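# Chains, contacts and geometry: an overview
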Amino acid sequence: MTSTTSPFLLTALLSGLLSACTPLGDGNGVVTRAGQNSPPGAAPGSCWGKHVTPAIIETVTHQVMLQPAEVLADGIVIQPAMFKTETRQDIVRPRREIWFESPCPEDLTPEFIASVQRALTARDLYRGPINGDMDRMTRAAIRRYQESQGLDSNLLSLAAARKLGLVAIES
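Let me begin by describing the structure that accompanies this report. All figures in this text were calculated on a predicted structure; none of them were measured in a lab.

Another aspect to go through is the overall build of the protein chain. On a plain count of helices and strands, the protein chain comes out with 4 helices and 7 strands. When the helices and strands of the protein chain are placed in sequence order, the string is α-β-β-β-β-β-β-β-α-α-α. Classification of the 171 residues of the protein chain by burial places 26% in the buried group. Sequence-distant contacts, at least 24 apart, represent 52% of the contacts inside the protein chain between residues at least 6 apart.

Moving on to the pattern of salt bridges. Under the criterion given, the structure shown has 6 salt bridges. Among the ionic pairs, Glu86 bridges to Lys84, the shortest N-O distance being 3.4 Å. We classify Glu86 as partly exposed; its relative accessible area is 30%. Ionic contacts of the salt-bridge type, sharing partners, join the residues Lys50, Arg95 and Glu97 into one network.

What counts as what
Residues numbered from 1 in each chain as written. Predicted model: local features only at pLDDT ≥ 70, side-chain atom pairs only at ≥ 80, totals over all residues. Heavy atoms only, no water. Helix = DSSP H or I, 4+ residues; strand = E, 2+ residues; numbered from the N terminus. Buried < 20%, exposed > 50% of the residue type's maximum accessible area, 1.4 Å probe, protein only. Contact = heavy atoms within 4.5 Å. Salt bridge = Lys/Arg side-chain N within 4 Å of Asp/Glu carboxyl O.

Here it is as structure tokens:
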């Protein structure tokens, strides 16, 4: 006895598996060095992350009367009103790019990441293992910590690392 599997079922299954492999992120998961893709005036050797908030565009459709109806005094409609449909798009919220200084990739050692995990555990934001891996759970905890500071990114900002007591504050 042979069994057949629907190609639709296989497609759905593969799609689900592939989506599970994608890292948690906001499409902004890259840290770059100053001079490559960084904000103007960035200090040489500094590293930067960018959070992009997409624009929200609303499509509005409404009817515009071109000609009113012609109606006799007794209520008989001689000619109905004529309307035209107009559609327009309004930008509800414009696209925004927020640049923030970030620890450079070579500074994100397993020891440093383990310190980040411990600091986030102490603030009840991280419940995973202290393993020194910048994994999905660590990035989600970083995002939760930074949201209260106005940065909705899973990349660790230098300001957040300083606030966590992990990076010395420059004087």
